[in-house]
Amino acid sequence: MSQGNPGRPAVGETPPPAGAPVSEPIKAVKLRHPWRIVFAVVLILVLVWFLVDAAQRSAYGWEYVGKYVFDRRISAAALVTLQLTVYSMVIGVVLGLVLAVMRLSPNPVVKSIAWLYLWIFRGTPVYVQLVFWGLFSLIYPQLVLGVPWTEFHVSFDLGFMQNAFIIAIIGLALNEAAYMAEIVRAGLLSVDGGQEEAATALGMSWWQTMTRIVIPQAMRVIIPPTGNEVISMLKTTSLVAAIPLTTDLYGVARDISAVTYTPVPLLIVASLWYLLFTSILMVGQYFLEKRFSRGVNMRRPENREPALATGALPAAGAPDGNDLGGKG
């Protein structure tokens, strides 16, 4: 009913039956939550107190933070950290895709090998794995493949495994592949099997079905956890000291602090760079999720269509434009 004239129906509204009592507009009263306001004020006061106290403590060494935050050695180490993240994630995603397909294979041997790989690399700490890969060249200086009881053999020199940067990429990528395999597998399983059957009925090949039907729909499930894995990989690069590799962001910050005896300021410097990179990655993840969720995830506020403004009423039982089942 119109609030201006409660006795007359508004344009587009069905008039009440003859003799029916005139209903008054509902006066909604907003529910009050006083304790929420109190809790928010307490949190703000605690945050302000911490910032004021931290600004006055000499242990934080803010003058050293300003001195080293844009130091050339720190910026070069930040670039190494980005390289480790990108290279490891690219290899991990590709290998994870292969492992996911192996896990979904009807061949029991192929499926068992993929399961064994996931069991080992997900069941052991990444720090322990990096220590092992750092000692790999001592265990296997070269790799020899040959036919038993014959003189035919082929040898491969594994001298490149003495390069700490390459070892770090291999160790991080192999560990990441185990997690990406489960993420990709979950995304592929989220697509209804009828989609593949319909694509096959239309004469599409397996490659066309995967690239045009299955993978585009699975991306909305794969993208969010993959973005989290990229952010996690960026921070996991600080563990390459186990190899040892000391040219990454945390390693250089630690080496500088060992000389200047300022461990806390250099930790703050490294944290600021990590926060910068993770913030950029979070923004990129948001837009990727929005891109692949078009027309699917209607729970996002920005994806909801406004209500009908023409005044026309929907048919009885039909969902309106804001209904999740409506056309919008």
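Before reading on, note that the structure itself is shown above.
Bear in mind the structure is a predicted one, so any value in this text is a computation, not a measurement.

Rules and cut-offs
- Residues numbered from 1 in each chain as written.
- Predicted model: local features only at pLDDT ≥ 70, side-chain atom pairs only at ≥ 80, totals over all residues.
- Heavy atoms only, no water.
- Helix = DSSP H or I, 4+ residues; strand = E, 2+ residues; numbered from the N terminus.
- Buried < 20%, exposed > 50% of the residue type's maximum accessible area, 1.4 Å probe, protein only.
- Polar contact = N/O pair within 3.5 Å; in protein donor to acceptor, adjacent residues only side chain to side chain.
- Contact = heavy atoms within 4.5 Å.
- Patch = residues over 30% accessible without salt bridge, like charges linked within 9 Å, V, L, I, M, F, W, Y side chains within 5 Å.
- Areas by Shrake-Rupley, 256 points an atom, 1.4 Å probe, with all protein chains shown as cover.
- Salt bridge = Lys/Arg side-chain N within 4 Å of Asp/Glu carboxyl O.
- Phe/Tyr/Trp six-rings, centres within 6.5 Å; stacked < 30°, edge-to-face > 60°.
- Pairing = 2+ DSSP bridges.

Novice: Sorry if this is basic, but what is going on with the side chain of Q129 here?
Specialist: Here Q129 shows up in helix 5 (residues 126-134). Since its relative accessible area comes to 7%, Q129 is described here as buried. A polar contact is formed between the side chain of Q129 and the side chain of T124, at a distance of 2.8 Å. Beyond its immediate sequence surroundings of up to four residues, Q129 is in contact with I120, F121, T124 and N175.

Novice: Is there a simple way to think about a nonpolar patch on the surface in this case?
Specialist: There is a patch of nonpolar side chains on the surface, built from W35, V38, V42, V46, L47, W49, F50 and L51 and spanning about 890 Å² of accessible area. Judged by relative accessible area, which is 42%, V42 ranks as partly exposed.

Novice: For this particular structure, what's the right way to read unusual backbone geometry?
Specialist: Negative phi values dominate among residues other than glycine, just as trans dominates among peptide bonds. Going from I243 to P244, the amide bond is cis rather than trans, its omega being 10°. For P244, the location among the structural elements is in the loop between helix 9 (206-236) and helix 10 (249-260). With a phi close to 55°, Y261 is a non-glycine residue in the positive phi region. Inspection of the secondary structure assignment puts Y261 in the loop between helix 10 and helix 11 (263-292).

Novice: Before we go on, may I ask you to explain the packing of aromatic side chains in this structure?
Specialist: Each aromatic ring pair is described using two quantities: the centre-to-centre distance and the angle formed by the ring planes. Under the defined criterion, the tally for this structure stands at nine aromatic pairs. Ring geometry for F132 and F136: centres 6.2 Å apart, planes at 70°, overall edge-to-face. The class for F132 is partly exposed, based on a relative accessible area of 40%. Centre to centre, the rings of W133 and F136 are 5.3 Å apart; their planes meet at 45°, and the pair counts as tilted. According to the relative accessible area criterion, W133 is buried, its value standing at 14%. Owing to a relative accessible area of 17%, F136 belongs among the buried residues under this scheme. Within the aromatic cluster, the residues linked to one another by ring pairs are F132, W133 and F136.

Novice: Which parts of the structure should I look at to understand the pairing of strand 1 (residues 142-146)?
Specialist: As a general feature of sheets, a regular strand has side chains that alternate between the two faces. Two strands pair when backbone bridges link them, and strand 1 and strand 2 (residues 153-157) are joined in this way by five bridges, in the antiparallel orientation. In the sheet register, V144 faces strand 2, and the bridge partner there is S155. Hairpin remark: strand 1 followed by strand 2, antiparallel, with six residues in the connecting loop; positive phi at W149, about 60°.

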